[in-house]
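Residue-level listing of the chains:
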Amino acid sequence: MEESKLLLLLLPVLLIQAGLMIFALIDLIKIPYTNGPKWMWGVIIVVVNIIGPILYFVVGRRNY
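Rules behind the numbers
Residues numbered from 1 in each chain as written. Predicted model: local features only at pLDDT ≥ 70, side-chain atom pairs only at ≥ 80, totals over all residues. Heavy atoms only, no water. Core = buried A, V, L, I, M, F, W, Y, C linked by side-chain atoms within 4.5 Å. Buried < 20%, exposed > 50% of the residue type's maximum accessible area, 1.4 Å probe, protein only. Helix = DSSP H or I, 4+ residues; strand = E, 2+ residues; numbered from the N terminus. Contact = heavy atoms within 4.5 Å. Polar contact = N/O pair within 3.5 Å; in protein donor to acceptor, adjacent residues only side chain to side chain. Axes fitted to C-alpha atoms, helices over the stretch in contact; angles between N-to-C directions. Parallel < 35°, antiparallel > 145°, perpendicular 65-115°, else oblique. Nonpolar A, V, L, I, M, F, W, Y, C, P; charged D, E, K, R; others polar. Phe/Tyr/Trp six-rings, centres within 6.5 Å; stacked < 30°, edge-to-face > 60°.

Novice: Summarise the nonpolar core; cite the residues concerned and give the values.
Specialist: Among the nonpolar cores identified, the biggest contains 6 residues, and these are Ala24, Leu28, Ile31, Trp41, Ile45 and Tyr56. Every element with two or more residues in this core is listed here: helix 1 (2–30) and helix 2 (38–47). When near neighbours in sequence (up to four residues on either side) are disregarded, Leu28 contacts Thr34, Lys38, Trp41, Gly42, Ile45 and Tyr56.

Novice: So what about the side chain of Thr34? Which residues, and what values?
Specialist: Turning to its location among the elements, Thr34 is positioned in the loop between helix 1 and helix 2. Accessibility expressed as a relative area gives 7% for Thr34, which makes it buried. A polar atom in the side chain of Thr34 sits 2.6 Å from the backbone oxygen of Gly36. The residues touching Thr34, leaving out its near neighbours within four places in the chain, are Leu28, Trp41, Tyr56, Gly60 and Arg62.

Novice: Residue-level account of the packing of helix 1 against helix 2, with values.
Specialist: The relative placement of two packed helices comes down to the angle between their axes together with the axis-to-axis distance. Direction vectors running N to C along helix 1 and helix 2 enclose 175 degrees, while the axes themselves pass 10 Å from each other. What the angle tells us is that helix 1 and helix 2 run roughly antiparallel. Side by side, helix 1 and helix 2 meet where Met21, Ala24, Leu25, Leu28 and Ile29 of the first sit next to Lys38, Trp41, Gly42, Ile45 and Val46 of the second. Among the residues forming the contact of helix 1 with helix 2, the class breakdown is 8 nonpolar, 1 polar and 1 charged.

Novice: Explain the packing of aromatic side chains residue by residue, including any values.
Specialist: According to the stated counting rule, one finds 3 aromatic pairs in the structure shown. Where Phe23 meets Phe57, the ring centres are 5.4 Å apart and the plane angle is 35 degrees; that geometry is what we call tilted. With Phe23 in helix 1 and Phe57 in helix 3 (residues 51–60), this pair connects stretches of sequence that are 34 residues apart. Among the residues examined, Phe23 registers a relative accessible area of 54% and is labelled exposed. Through pairs of rings, three or more aromatic residues link up here, namely Phe23, Trp41, Tyr56 and Phe57.

Structure (structure tokens):
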């Protein structure tokens, strides 16, 4: 019973993580230029769970 409660608590975090990663990867593919190589940002987005996509949106995107 305890394991099912733990899974229910982790489910929103896992959904947020998956959503951020998918959104960041789609944006990375669409945008022509980034701050640094695109392959590096792809690795950071996928490997560094929740922090990676946030770092990409804060640091990796060029706004021009």
